[in-house]
Amino acid sequence: MGQVRFAKKLSIGIVVLTTIAVALATTGLATGIFVHTEQHVKDDLINNVNNVISENLTVVDKKILQKEFSNNQTLGVTLRAKDLSAIIIDDKGEILARYGIYKDLEDENLIVEKSASPKYMDIVIPGYGLFDTYTVPIRAGNEVFGYMRMIKKNSEIEILKQTIGIVILIIFPVAWTISLIFAYFMVKRVTTPLTKLVEHLENIDHESMQVIADSHLMDHEVSVVTKAINNLIIKLREHHKRERQITENISHEFKTPLTRIASNLQVGKVKEAEIEVLELGGNVDALLSLAIWEKTNEKSDVSPVLKHLFKLIPSTLKVSMSVPKKMMIPLPSSHIQVILRNLIDNAIKHNKDKGEIIIKANMQKDKWQIQLSNTTKNNLDEARIVERKYKTGETAGHGIGMSIVSDMCKMHDLTLEFSEQGKMVTVMISGKKIS
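Residues numbered from 1 in each chain as written. Predicted model: local features only at pLDDT ≥ 70, side-chain atom pairs only at ≥ 80, totals over all residues. Heavy atoms only, no water.

### A look at the overall build of the protein
Cut-off, in case you're wondering: Secondary structure elements are defined from DSSP: runs of H or I of at least 4 residues count as helices, runs of E of at least 2 residues count as strands, and each element is numbered from the N terminus. Three labels apply to residues, based on accessible area from a 1.4 Å probe with only protein chains included: buried if under 20% of the type maximum, exposed if over 50%, partly exposed otherwise in between. By definition in these notes, contact holds between two residues if any of their heavy atoms fall within 4.5 Å. For every accessible area listed, the method is Shrake-Rupley and the probe measures 1.4 Å; residues are considered covered only by the protein chains on display.
The helix and strand tally for the protein stands at 8 helices and 16 strands. Looking at the protein as a whole, 39% of its 435 residues are labelled buried. Long-range pairs, those at least 24 residues apart, make up 62% of the contacts in the protein between residues at least 6 apart in sequence. As displayed, the protein offers around 25,900 Å² of accessible surface, 57% of which is attributable to carbon and sulfur atoms.

### Description of empty space enclosed by the protein
Cut-off, in case you're wondering: In this analysis the probe radius is 1.4 Å and the grid spacing 1 Å, with only protein atoms considered; a cavity is a set of points the probe fits into but cannot get out of, a pocket is an open set with protein on both sides within 12 Å along at least five of seven lines, and lining residues have an atom within 4 Å of a point. Grid points are joined across faces, edges and corners, and a volume is the space filled by probe spheres set on the points. Under the grouping applied here, Gly and all other residues not named as nonpolar or charged are polar, the nonpolar ones being Ala, Val, Leu, Ile, Met, Phe, Trp, Tyr, Cys and Pro and the charged ones Asp, Glu, Lys and Arg.
A full pass over the atoms with the stated rule returns 3 cavities of 30 Å³ or more. Put simply, the second largest cavity is a space of about 60 Å³. As for the second largest cavity, its lining consists of Val302, Ile329, Leu331, Ile336, Ile339, Leu340, Trp368, Ile370, Leu414 and Ile429. Elements represented by at least two residues in the lining of the second largest cavity include exactly α7 (333-349) and β12 (367-375). The element contributing the most residues to the lining of the second largest cavity is α7, with 3 residues. When grouped by side-chain class, the residues that make up the lining of the second largest cavity number 10 nonpolar, no polar and no charged.

### Some words on the packing of helix α6 (residues 302-310) against α7
Rules: An axis is simply a line fitted to the C-alpha atoms; with a helix, the fit covers only the stretch in contact. Between two such axes, the angle follows the N-to-C directions and lies from 0 to 180 degrees. Note: crossing handedness is left-handed where the near helix turns anticlockwise from the far helix by less than a right angle, and right-handed where it turns clockwise.
At a minimum axis distance of 10 Å, the contact between α6 and α7 shows a crossing angle of 35 degrees. Helix-helix and strand crossings are classified by hand; for α6 and α7 the assignment is right-handed. Note on element contacts: α7 touches α6 through Ser333, Ile336, Gln337, Leu340, Arg341 and Ile344, opposite Val302, Val305, Leu306, His308 and Leu309. Its residues placed into classes, the contact of α6 with α7 shows 7 nonpolar, 3 polar and 1 charged.

### A word on the confidence of the model for the protein
This is how it is decided: For every residue, the pLDDT score states the predictor's confidence, bounded by 0 at the bottom and 100 at the top.
Per-residue confidence for the protein averages 76 on the pLDDT scale, and 71% of its residues sit at or above 70. pLDDT under 50 marks residues 393-398. Its contacts with residues more than four places away, or in other chains, come to 15 contacts.

### Description of the packing of α7 against helix α8 (residues 401-411)
Running from N to C, α7 and α8 cross one another at 145 degrees; their axes reach a closest spacing of 9 Å. For the pair α7 and α8, the crossing hand works out as left-handed. Across the interface between the two elements, His335, Val338, Ile339, Asn342, Leu343 and Asn346 of α7 pack against Gly401, Met402, Ile404, Val405, Met408 and Met411 of α8. Within the contact of α7 with α8, the residues separate by chemical class into 8 nonpolar, 4 polar and no charged.

### Quick look at α6
Let me state the cut-off plainly: The directions from the helix axis to the C-beta atoms are what the arc is built from. The term polar contact refers here to a pair of N or O atoms within 3.5 Å; inside protein, the definition further demands a hydrogen-donor-capable atom paired with an acceptor-capable atom, and it admits residues adjacent in sequence only when both atoms are side-chain atoms.
Regarding α6, the residues found buried are Val302, Ser303, Val305, Leu306 and Leu309. All buried residues of α6 lie within an arc of 165 degrees about the axis, which places them on one face of the element. Two or three places before Ser303, at the opening of α6, Asp301 has a side-chain oxygen 3.1 Å from that residue's backbone nitrogen.

What follows is the structure, given as C-alpha cells:
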C-alpha cells in the first residue's frame, strides 16, 4: 500500500513538473521569439528612416527639399516599395508631405511630437490597426528644420501571436502524453530498486547486524540510501559494542573490590571493608563518566591514592615507591584510582616470582608524570597491549584493565607510553600541570 501511494505521488509529481517545465520552456521560447521579432521590426524601421532621410531629403535655405534623381526614383515610390507610410513637417508644425495611409488620416492622427532626439513607439491607428512608428528630426548641422515620422504595419507580431497560440495548443497535449509515459517508466524504475532494498533489509540478521551485502551492485537510485543504511547499521553495531564494553568494565571493576570486601568481612576487618565499598562507589562514578565521555575540572592529590594502592601489593614482591608528599593533578580521585589500580593489578599479574615493582611520581616544569615499572615473565607487545582481552601468555592477559586505562587517558588527554628494557616493563602516564 505504501509503495502504491508513493508511486501515485511520484507519477503526479512527474506529470506536474513536466507540465510546468514545458510551460516555462514554451513561454520562454515564445517570449524570446517575440522580443527578437519586435527588435527586428524596430531595427528595420529605424534603418529605413535613416536611409530615406540621408538619400532622399536635403535642407536648402532652411527648407526641407527632396533630392532629384535621374531615374525618376521619388520618395513616394521608395516608400511604397517597402510598404511604408510617412509624414514630413517643418519646424513650425506645417505638413510638407504625406505618403501612404497618411494621405487618408484625419488631422488628429497627423500630429508629430517635436523632439531633439529620435523616438520609437507603437501606436494604434483607428481603422488600421497596430503600427510601429519612428520619428526623426531633420537637421542641417546642429539646427533642426523639421521632422519625419515613418510608420509600418506591425503584421509580423500579429502573425507571430497566432502561430505561438497554435503551437501551444499542439505542444501541451503532446507534452502531457509524453510525461504520462515517462512517469510510468520512471516510477517503475524507482520503485523496483526500492523493493529490492526492502527485501535486503528484511533479511538482515538482527543479532549480528550484518550490513547490506553487495550494495555496490544495486541500482544507482538507491545506492546512496543503501550506504546510509549501512552506516547506520555500523553505528548501531558500534553502540552495541560500546554497551557490551561498559558492562564488561563494570564487571571487571566490581570483581576485585567485592572479593576484597568479602575477605575483610570474613576476618572481621569492617573498616577495611568500608573503605573498599567507598572505593567501589568511586569506581562506579568513574565508569559512568567514561561511558558518557564526561570530562570534569576536578583536581585531586595523587599521592594518597598511590600510597593506598602500595599497601595492596603482595609482600612476595619487592616494591619501592618515590612520590611527593602532595601532587595535585587535574583528574577526579575516582578516575586516578581506576587508572592506577589497573596498572598495579597488571604489574602484579604479569610479574615473575619474587619480582619487583617500582613506582615513581614527580612534577616537571610543565607536566606531571607517573611511572610504574615491573619485572615480567612475558614479552611486551606495545601495539596490542591496550587491545581488549589481549592475552600475552597462556592464561594471563591484559584483558579489560589496560583497555579501561587507555580509554581513561584518552578522555583526559593524557599520554600513555610503554617501554621494555630486558625483563623490566615500564608504563608512564603524563599530562599537563594545573595552570
